[in-house]
Amino acid sequence: MTALLEIRDLKAEIAGKQILNGYDLTVKAGEVHAIMGPNGSGKSTLSYVLSGRPGYKITEGQALLAGADLSQMSVDERAAAGLFLAFQYPLEVPGVATMTFLRAALNAQRKKRGEEEMSSPDMIKRVKELAKILDMDMEMLRRPVNVGFSGGEKKRAETLQMMLLEPKLCILDETDSGLDIDALKVVSNGVNQLRSKDRGIVVITHYQRLLDYITPDVVHVQSAGRIVRTGGKELALELEETGYARYQSEAA
Amino acid sequence: MGNAPTTPARKLTDAEARLAEIFAMQQSAGAPQLAKLRTAAFDAFSKTGLPNRRDEAWKYTDLRALLRDVKPLAAPPEESAKQHARNAATLTGVASRRVVFVGGYFAPALSDLADLEAGLSVMSLSEALAKGDAAAMTQIGNVGEVDDPAFALNTAFMGEGVVIRVGAGVCVDRPIQLVFVAGAQPATYFLRSLVIVEKGARATLIESFEGETAQEYHVNAATEVVLEEGASLERLKISHEGAAAMHVSTFVASLAAGALLSDFGLNLGGAVLRNQSFININGPGAHAAMRGANILKGKEHADATLFLDHAAERSESKALFKSVLDDSSQAVFQGKILVRPGAQKTDARMMARTLLLSEGAQANCKPELEIFADDVQCAHGSTVGALDENLIFYLMARGIPQAEAQSLLTEAFVGEVIDAVENRSVRDALSALVSERLRTQ
Ligand SMILES: Nc1ncnc2c1ncn2[C@@H]1O[C@H](COP(=O)(O)OP(=O)(O)OP(=O)(O)O)[C@@H](O)[C@H]1O
Ligand SMILES: [Mg+2]
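Residues numbered from 1 in each chain as written. Chains lettered and ligands numbered in written order. Predicted model: local features only at pLDDT ≥ 70, side-chain atom pairs only at ≥ 80, totals over all residues. Heavy atoms only, no water.

Enquirer: With reference to specific residues and values, describe the sheet that holds strand 4 (residues 162-166) of chain B.
Expert: Residue and element names in this part refer to chain B. Taking strand neighbours across the sheet as the criterion, the nine strands line up as 3-4-6-8-10-12-14-16-18 in an open arrangement whose pairing is mixed. If you trace the sheet from one side to the other, it starts and ends with strand 3 (120-124) and strand 18 (362-371), each paired once. Pairs of neighbouring strands in the sheet enclose a mean axial angle of 5°, with direction left out of account. Two strands pair when backbone bridges link them, and strand 6 (residues 188-197) and strand 8 (residues 218-227) are joined in this way by ten bridges, in the parallel orientation. Within strand 8, the position partnered with Val-197 by the bridge is Leu-227. (Pairing = 2+ DSSP bridges. Helix = DSSP H or I, 4+ residues; strand = E, 2+ residues; numbered from the N terminus. Axes fitted to C-alpha atoms, helices over the stretch in contact; angles between N-to-C directions.)

Rendered as structure tokens:
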């Protein structure tokens, strides 16, 4: 069976600076992977390269989403193909109403996949359900996208988008940072609802605490632009004790 | 100098010569109403002729160069043109009272002047002049002191328009919409309207200009508005002229104490669009909000020239103009704030923001402050930029195609000026117009 995400010896650069140095990662449907690693090791870079952010250039290797070469797809095509990135720093979009944005996103994806568009009433109903799960005030969703949201509120909003869009592969870039303890539970609960045998989830995090709520099948340690160690969920606990010092020296 | 014609040092342009000819013909065809006013206006025009780029106020819109010939004054429209105008300029969801003009002529059959609200009077200009309506006779051309050749031409040739009076204390909820639809043939239209909002009265006025013909035609429109004490007017002007049309429009307003003017002009099409506003704040505590949006493509050129004259204390003016420029279109914003001696506590702000969607597009901004009082707040600024790449990426990362992402962000940019429109149904209709315009090539 084809893996959901298959990254082979990926090298990528930004502004002429190589950040990913031969990255290998395979995520199969149904799996949850955690990526941990020191600041600046290229975790966000990986997520941007996969989603196609302008400026990030693949120089070698490959990244395949369900067998399809991501580098051959535009950013919106990747999203429609099922890739979702919950941003480490979600952007504020002044003047664009959240509902308008969600409707445009969902229906553009559906259209591209040849599916029927969701009607406005169905849409509102669905968003209300999700807001309830994520303990978000509907009033917030009447505002422009993320505008004036606190850090934690933005992370909830990202999670809501993800749950609405039902992607095949979810990449959560530090979705837990900035969340208070209660919010962490609420958001984790939302993410767990997405766990399914058809979906893959990659959580990038600095804190093993998140993994208490979202139990990973596999934990990776990333350092200097590649994965340097892979293990089970006990690896996260070990990292909590030892830190990254030995991996950084290994990578150097 | 009396009536002696002034001989300009230079040779008249073909257009100027033609205008003089037409004016003489108009005179000899039996003196029209307001003959004195017209003659004085044409004399004033003749002294300068068509404005050109050496005239500071017309620096970026050289009318002398642009107006190569004068199209004939419009003949009464054919029945087909009238039928065609039946649904012109409809604003979805807005139950406006329509007053329709086709090819420069009032079209009573397409207009809705029945059951006017108590205290509201709406009359075509020709009817008001024929009846010798006192307000029309004394106020037209006298609402503000405007020394401008295009406005002078309008006064000299004014053909049709409306005279509206909203009686003291009357609140007219239903928007009054003037619809000016161009005819199919090349023509020149001189449209003139007068709106008097008496003490404490309130109204919404929409002026829609529409033309579908690819033929070149010229619109010279002028609206004079008198806001008496505590009166309030929301005015919306939507220009969606034909691709080869030249549209020059003058707005003159006088605000008495405590009057409120909220003005929004939306330019959606036309080869050359010039909107000049002369706002005279004569009473203390009056407030003028002047907003505009240009959505231009191809080689379209839109010029917004604004003169805010603060002559009374504690008055406010807020101007915000937004332009979205594609291809090699061009937007001009000239804003002048004058604070006269004694107009203390004036609060005047002016901002022009431009979004360039193409490298060939161009924005020219020229703000000017002239302040003769010491206790005032005045500010002006302008920005020119492109869409934020990071936001485009964010939207696309959610599956929104690039073109749609750009439209959404562009709409959001324009949204700020539309959101300030008070009448909700009008606001929604304007958003829809903008959105449609941004999505059509
Ligand atoms: N536009 C850029 N130009 C040059 N270098 C960049 C650019 N963007 C990111 N980098 C560099 O790439 C490296 C990896 O950054 P990245 O944000 O991927 O790290 P990260 O692992 O996500 O870190 P954190 O844990 O702090 O989020 C950093 O050294 C960063 O400075
Ligand atoms: Mg990061």
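Continuing now.
Enquirer: Describe the coordination of the magnesium ion (ligand 2), and please don't skip the residues or the numbers.
Expert: Residue and element names in this part refer to chain A. Coordination of the magnesium ion (ligand 2) by the protein involves Ser-44 (OG) and Gln-88 (OE1), with metal-donor separations of 2.0 to 2.1 Å. Of this pair, Ser-44 sits in helix 1 (residues 43-51) while Gln-88 sits in the loop between strand 6 (83-86) and helix 3 (98-112); the two residues are 44 residues apart in sequence, bridging distant segments of the chain. Summarising the burial analysis for this pair, Ser-44 and Gln-88 share the class buried. (Donors = N, O, S within 2.8 Å, 3.2 Å for Na, K, Ca; no water. Buried < 20%, exposed > 50% of the residue type's maximum accessible area, 1.4 Å probe, protein only.)

Enquirer: Describe helix 9 (residues 402-419) of chain B, with residues and values.
Expert: All names here are of chain B. Helix length check: helix 9 (18 residues) gives 25 Å between terminal C-alpha atoms against 26 Å at 1.5 Å per residue, within 8%. Approximately 35° is the largest bend angle found in helix 9, and it occurs at Phe-413. The set of residues buried in helix 9 consists of Ala-405, Ser-407, Leu-408, Leu-409, Thr-410, Ala-412, Phe-413, Val-414, Gly-415, Val-417 and Ile-418. (Expected span 1.5 Å × (residues − 1). Bend = angle between axes of the 7 residues up to and from the residue.)

Enquirer: Explain unusual backbone geometry to me, and be specific about the residues and the numbers.
Expert: Unusually for a residue other than glycine, Glu166(A) sits at a positive phi of about 45°. Take Glu166(A): it is sitting in the loop between helix 6 (151-165) and strand 7 (169-173). Here Glu166(A) falls in the partly exposed class, since its relative accessible area comes to 47%. In this structure, Arg314(B) takes a positive phi of about 55° despite not being glycine. Turning to its location among the elements, Arg314(B) is positioned in the loop between strand 14 (301-310) and strand 15 (316-325).

Enquirer: Could you give an account of the layout of surface pockets, with specific residues and numbers?
Expert: Reported here for the largest pocket is a volume of approximately 900 Å³. As for the largest pocket, its lining consists of 29 residues, of which Gly95(A), Val96(A), Ala97(A), Thr100(A) and Glu411(B) are closest to the centre. Taken together, the residues of the lining of the largest pocket break down into twelve nonpolar, five polar and twelve charged. A volume near 780 Å³ is recorded for the second largest pocket. In this structure, the second largest pocket is lined by 33 residues; those nearest its centre are Val146(B), Asp147(B), Asp148(B), Pro149(B) and Phe278(B). Among the secondary structure elements, those contributing two or more residues to the lining of the second largest pocket are helix 2 (35-48), helix 7 (149-157), strand 12 (272-281), strand 14, strand 16 (330-339) and strand 18 of chain B. (1 Å grid on protein atoms, 1.4 Å probe; cavity = no way out; pocket = protein on both sides within 12 Å on 5 of 7 lines; lining within 4 Å. Points joined across faces, edges and corners; volume = space filled by probe spheres on them. Nonpolar A, V, L, I, M, F, W, Y, C, P; charged D, E, K, R; others polar.)

Enquirer: Can you explain the interface of chain A and chain B? Please cite residues and give values.
Expert: Taken together, the contact between chain A and chain B spans 32 residues of the former and 14 residues of the latter. Taken together, both faces of the contact between chain A and chain B bury some 1,800 Å²; the carbon and sulfur share is 74%. Our count for the chain A to chain B interface comes out at one salt bridge. The residue Arg398(B) makes a salt bridge to Glu158(A) at a minimum N-O spacing of 2.8 Å. (Contact = heavy atoms within 4.5 Å. Buried area = accessible area lost by both parts, 1.4 Å probe. Salt bridge = Lys/Arg side-chain N within 4 Å of Asp/Glu carboxyl O.)

Enquirer: Lay out the confidence of the model for chain B in plain terms, naming residues and giving numbers.
Expert: Taken over all residues, the pLDDT of chain B has a mean of 94, while the share at 70 or more is 97%. Predicted complex metrics record ipTM = 0.97 and pTM = 0.91. (pLDDT = per-residue confidence, 0-100.)

Enquirer: Account for the site of ligand 1, naming residues and giving values.
Expert: All names here are of chain A. Contacts to ligand 1 come from 15 residues, most closely from Gly-40, Lys-43, Ser-44, Thr-45 and His-206. Interatomic distance of 3.0 Å between a side-chain N/O atom of Asn-39 and an oxygen atom of ligand 1. Here an oxygen atom of ligand 1 sits 2.9 Å away from a polar atom, N or O, in the main chain of Ser-44. Surface burial for ligand 1 is 65%, taken as the share of its 640 Å² of free accessible area covered by protein chains. Secondary-structure elements contributing two or more residues to the shell around ligand 1 are strand 2 (17-27) and helix 1. Take the shell around ligand 1: its biggest share by element is three residues, from helix 1. For the shell around ligand 1, the class distribution of residues is four nonpolar, eight polar and three charged. (Near = heavy atom within 4 Å. Polar contact = N/O pair within 3.5 Å; in protein donor to acceptor, adjacent residues only side chain to side chain. Areas by Shrake-Rupley, 256 points an atom, 1.4 Å probe, with all protein chains shown as cover.)

Enquirer: Can you break down the pairing of strand 9 (residues 232-240) of chain B residue by residue, with the values?
Expert: All names here are of chain B. Extensive coverage of strand 9 is indicated by the burial of eight of its nine residues. Pairing between strand 7 (residues 202-210) and strand 9: nine bridges, direction parallel. From the neighbouring strand, Arg-202 faces strand 9, where its bridge partner is Ser-232. Of the strand pairs in this sheet, strand 9 and strand 11 (residues 260-269) are connected by nine bridges, and their pairing is parallel. Looking across to strand 11, one finds that Lys-237 is bridged to Gly-265.

Enquirer: Talk me through the packing of helix 1 (residues 14-28) of chain B against helix 2 of chain B; I want residue IDs and the actual numbers.
Expert: Residues and elements named next belong to chain B. Close contact between helix 1 and helix 2 brings their axes to 12 Å; oriented N to C, the two are set at 165°. Considering the angle they form, helix 1 stands roughly antiparallel to helix 2. For the pair helix 1 and helix 2, the crossing hand works out as left-handed. Along the contact surface, helix 1 presents Glu-16, Leu-19, Ala-20, Phe-23, Gln-26 and Gln-27, while helix 2 presents Arg-38, Thr-39, Phe-42 and Phe-45. (Parallel < 35°, antiparallel > 145°, perpendicular 65-115°, else oblique. Left-handed = near helix turned anticlockwise from the far one by under 90°.)

Enquirer: Lay out empty space enclosed by the protein in plain terms, naming residues and giving numbers.
Expert: Residues and elements named next belong to chain B. Applying the stated criterion to the full structure yields nine cavities of 30 Å³ or more. There is about 200 Å³ of room inside the largest cavity. In terms of lining, the largest cavity is formed by 21 residues, of which the most central are Gly-265, Asn-275, Ser-277, Ala-304 and Phe-321. Those elements that place two or more of their residues in the lining of the largest cavity are strand 9, strand 10 (246-255), strand 11, strand 12, strand 13 (287-296) and strand 14. Approximately 150 Å³ is the volume attributed to the second largest cavity. Of all the secondary structure elements, the ones that give two or more residues to the lining of the second largest cavity are strand 6, strand 8 and strand 10. Among the elements that line the lining of the second largest cavity, the one with the most residues is strand 8, at three residues.

Enquirer: Before we move on, can you summarise the packing of aromatic side chains with the specific residues and values?
Expert: Scanning all chains against the criterion turns up 16 aromatic pairs over all chains. Ring geometry for Phe23(B) against Phe42(B): centres 4.4 Å apart, planes inclined by 5°, an arrangement best described as stacked. In this pair, Phe23(B) sits in helix 1 while Phe42(B) sits in helix 2, placing the two residues 19 residues apart along the sequence. Accessibility classification places Phe23(B) together with Phe42(B) in one group, the buried group. Every member of this aromatic cluster is reached through a ring pair, and the members are Tyr48(A), Tyr56(A), Phe87(A), Phe101(A), Phe393(B) and Tyr394(B). Of note, Arg235(B) hangs over the ring of Phe251(B), and the distance from its end group to the ring centre comes to 3.9 Å. Over the ring of Trp58(B) we find Arg274(B); its NZ or CZ atom is 3.6 Å from the centre of that ring. (Phe/Tyr/Trp six-rings, centres within 6.5 Å; stacked < 30°, edge-to-face > 60°. Lys NZ or Arg CZ within 6 Å of the ring centre and 35° of its normal.)

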